[in-house]
Amino acid sequence: ANATRDRLRIAIQKSGRLADPARSLLAACGLSWRESRDKLFCYGESLPVDLLLVRDDDIPGLIADGVCDYGIVGRNELDEQANARLEIGLSPAYREVRPLGFGGCRLMLAIPETWEWEGAQQLQGLRIATSYPAILRQWLSARGVEASVVELSGSVEIAPKLDTADLICDLVSSGATLKANQLKPVETLLDSEAVLAGPVRGFNDARADLSAMLLRRMDGVLKLKDSKLLMFRAAPDTVPALTRLLADAEPLVQLPGEHAEGISLQTMCHTAISWQQLEELERAGARGLMVLSVERSLA
Ligand code: ATP
Ligand code: MG
């Protein structure tokens, strides 16, 4: 299956939560595509890296079968299919290469609001609806609990109301869907986010260099996610106070040149900067504050 190829093929979600952020991330890595009319296959223009646009469920299998080299998919989907493969004696045949910092959510057990949560033992003999049966079975068996797993492909949260299950195990981000269905989350089975999934073994053809370059560029983009370059002028005697306010940032760097308002300073902040922080800096003596986006860097 893992035939020699001189182009890299990446599977991403065609539409859905991960589709746009996945494309943006790859575009930020310098990739561009000529889109075919049906848009299932996008031919790489700037580099020999092509995209396959698919349902997220198909991504682990495409990598396992060697049809695609990489994929951008939720850890929940990747782990579910790895567990399902293990149940029938197959190795995963892919691995998580990088967490990508978007698509964050948790796979959680949720029970009716009126119940008291007393721990996993309470689940003995109950029916649990989920789209993640393999992860759930693994979690239950690790705790010695025998419950019946009701596999549903969607609308899991209405199962208790329909009496097809007693409780559910589903993805949660804000928790609003659970609340709307009179359910409350009680246990986390998996912390998930979008990940770059790739093959277990490396490449021995042109894909090896392409793959190394892609990962290096991706690291350069991911490292600076949320990073900002902060520039301002200040009188030298205000620098100690400003430095205290910027404790989370990199050390202040003085730029050459003198201004009526003092010296020019800059620093990199790797966490989000709020308006309130900017106003505090201004009160402490910073002038001409500018917050600049930083897109990428090399190690
Ligand atoms: P597809 O048509 O590709 O099969 P889907 O309906 O399975 O799409 P989406 O709903 O687009 O998938 O979700 C894709 C991924 O987004 C999930 O697998 C999960 O990793 C992540 N995600 C983040 N927050 C949530 C959430 N609140 N509910 C569901 N998925 C979420
Ligand atoms: Mg899906």
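Residues numbered from 1 in each chain as written. Chains lettered and ligands numbered in written order. Predicted model: local features only at pLDDT ≥ 70, side-chain atom pairs only at ≥ 80, totals over all residues. Heavy atoms only, no water.

## A look at the packing of helix H1 (residues 19-28) against helix H7 (residues 207-223)
Helix packing geometry: the angle between the two helix axes and the distance between the axes. Where we set the bar: Helix axes are fitted only over the stretch in contact, all axes being lines through C-alpha atoms; the angle between N-to-C directions runs from 0 to 180 degrees. Put simply, DSSP marks the helices as runs of H or I at least four residues long and the strands as runs of E at least two long, and each gets a number from the N terminus on. Just so you know how the angles are binned, under 35 degrees is roughly parallel, over 145 roughly antiparallel, 65 to 115 roughly perpendicular, and the rest oblique. We call two residues contacting when some pair of their heavy atoms lies within 4.5 Å. Amino acid classes used here: Ala, Val, Leu, Ile, Met, Phe, Trp, Tyr, Cys and Pro are nonpolar; Asp, Glu, Lys and Arg are charged; the rest, including Gly, are polar.
Orientation of H1 relative to H7, taken along the N-to-C sense of each, is 110°, at an axis distance of 9 Å. With respect to H7, the axis of H1 lies roughly perpendicular. Across from Leu25, Leu26 and Ala28 in H1, the residues of H7 making contact are Leu214, Met218, Val221 and Leu222. Broken down by class, the residue content of the contact of H1 with H7 amounts to seven nonpolar, no polar and no charged.

## Re the coordination of the magnesium ion (ligand 2)
Applied cut-off: Donor selection uses N, O and S atoms within 2.8 Å of the metal (3.2 Å for Na, K and Ca). Since no water is included, sites may look incomplete. Here the term buried applies to any residue with accessible area under 20% of the maximum for its type, exposed to any over 50%, and partly exposed to those in between, with areas from a 1.4 Å probe on protein chains only.
Looking at the magnesium ion (ligand 2), one finds its protein donor set to be Asp56 (OD) and Asp57 (OD), positioned 2.1 Å from the metal centre. Of the residues examined, Asp57 reaches a relative accessible area of 33% and is grouped as partly exposed.

## What to know about the site of ligand 1
How we decide: We call a residue near a given molecule or strand whenever any one of its heavy atoms falls within 4 Å of it. Pairs of N or O atoms are called polar contacts if they sit within 3.5 Å, as long as, within protein, a hydrogen donor faces a hydrogen acceptor (for residues adjacent in sequence, only side-chain-to-side-chain pairs). Surface accessibility in these figures is a Shrake-Rupley result with a 1.4 Å probe; residues are shielded only by whichever protein chains are displayed. Both cavities and pockets are sets of points on a 1 Å grid over the protein atoms alone; in a cavity a 1.4 Å probe fits but cannot get out, in a pocket the set is open with protein on both sides within 12 Å along at least five of seven lines, and lining residues sit with an atom within 4 Å of a point. A pocket or cavity is taken to hold a molecule when more than half of that molecule's atoms are within 2 Å of the pocket's grid points.
Around ligand 1, the structure places 15 residues, and the nearest of them are Arg55, Asp56, Asp57, Asn76 and Ser173. Between ligand 1 and Asp56, the relevant distance is 2.8 Å, taken from an oxygen atom to a side-chain nitrogen or oxygen of the residue. Within the contact set of ligand 1, a nitrogen atom lies 2.6 Å away from a side-chain nitrogen or oxygen of Ser173. Here ligand 1 loses 76% of its free accessible area of 630 Å² to cover by the protein chains. Judged by the fraction of its atoms near the pocket grid, ligand 1 is located in the largest pocket. A per-class count over the shell around ligand 1 returns three nonpolar, eight polar and four charged.

## Observations concerning the domain arrangement of the chain
You'll often see interface size given as the accessible area lost when the parts meet. Quick reminder of the rule: The source of the domain bounds is an automatic or database domain assignment.
The domains assigned to the chain are domain 1 (8-103 + 194-223), domain 2 (105-191) and domain 3 (228-293). For domain 1 and domain 3, the distance between their C-alpha centres works out to 39 Å.

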